[in-house]
Amino acid sequence: MGKHQFGLFFFFSVIFSLGLVSFISCIFAETKIARRHDLRLEGKLCFLPESRAVVFGVTAFICISLAVLIGNLLFFVNCCSREKRKANNNKSIISVTLLLFSWISFGIAAILLGVATSMSREQPYGEGWLDGECYTVRNGVYVGSGMLSLVTVLSLIGAAATNK
């Protein structure tokens, strides 16, 4: 029993650490996004240099994806390795609800991170980000992604913890 508890604590720590790294990377990305003064215009053409937010955005996405993968594996191994439960068990309803909530928050965070990181890449003259126009990431997008990363990780840990 003690080894099982240590294993759960270890996996919970890894999941939380990956979520924390994702959150911190999002905060750093927010401070490195391209600003309006970085935008160069020549007639109707625009140029926006690549910002350092790309590296932090990719790091955040990889960390939260790994945390979700490990958390889901932990949840399903824990769920499928025991005897069948009654369908109306309140604990399993809570754990499945938390798991679904973690998937939804991860999906939104992944979309925000993907779009913001894509916008943070170089936007050359005449190409831009979309239809030849340059776009900058709005303030708070990376912070919102970071908050959703924490929500994802905490709900995933809650789902795995209540799945005992």
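Residues numbered from 1 in each chain as written. Predicted model: local features only at pLDDT ≥ 70, side-chain atom pairs only at ≥ 80, totals over all residues. Heavy atoms only, no water.

> Now, about the nonpolar core: what can you tell me, with residues and values included?
By size, the foremost hydrophobic cluster in this structure holds 26 residues, and its most contacted members are Phe-12, Ile-15, Leu-74, Leu-113, Val-137, Tyr-142 and Val-153. The element best represented in this core is helix H2 (residues 53-80), accounting for eight residues. Val-137 has contacts with Ile-33, Ala-116, Met-119, Ser-120 and Tyr-142, leaving out every residue within four places of it along the chain. (Core = buried A, V, L, I, M, F, W, Y, C linked by side-chain atoms within 4.5 Å. Buried < 20%, exposed > 50% of the residue type's maximum accessible area, 1.4 Å probe, protein only. Helix = DSSP H or I, 4+ residues; strand = E, 2+ residues; numbered from the N terminus. Contact = heavy atoms within 4.5 Å.)

> Before we move on, can you summarise the environment of Val-54 with the specific residues and values?
As for its position among the elements, Val-54 is in helix H2. Beyond its immediate stretch of four places on either side in the chain, Val-54 contacts Thr-117, Ser-120 and Arg-121.

> Describe in detail the packing of aromatic side chains, supporting the description with residues and values.
Summed over all chains, the structure comprises two aromatic pairs. When the centroid spacing of 5.6 Å and the interplanar angle of 65 degrees are considered together, the rings of Phe-10 and Phe-11 count as edge-to-face. Ring geometry for Phe-28 versus Phe-56: centroids 5.5 Å apart, planes at 45 degrees, classification tilted. Of this pair, Phe-28 sits in helix H1 (residues 2-32) while Phe-56 sits in helix H2, placing them 28 residues apart in sequence. Assessed through its relative accessible area of 42%, Phe-28 is described here as partly exposed. (Phe/Tyr/Trp six-rings, centres within 6.5 Å; stacked < 30°, edge-to-face > 60°.)

> Break down the layout of surface pockets for me, citing the residues and quoting the values.
Taken as a whole, the largest pocket holds about 310 Å³ of empty space. In terms of lining, the largest pocket is formed by ten residues, of which the most central are Arg-36, Tyr-135, Thr-136, Val-137 and Arg-138. Grouping the constituent residues of the lining of the largest pocket by class yields five nonpolar, two polar and three charged. (1 Å grid on protein atoms, 1.4 Å probe; cavity = no way out; pocket = protein on both sides within 12 Å on 5 of 7 lines; lining within 4 Å. Points joined across faces, edges and corners; volume = space filled by probe spheres on them. Nonpolar A, V, L, I, M, F, W, Y, C, P; charged D, E, K, R; others polar.)

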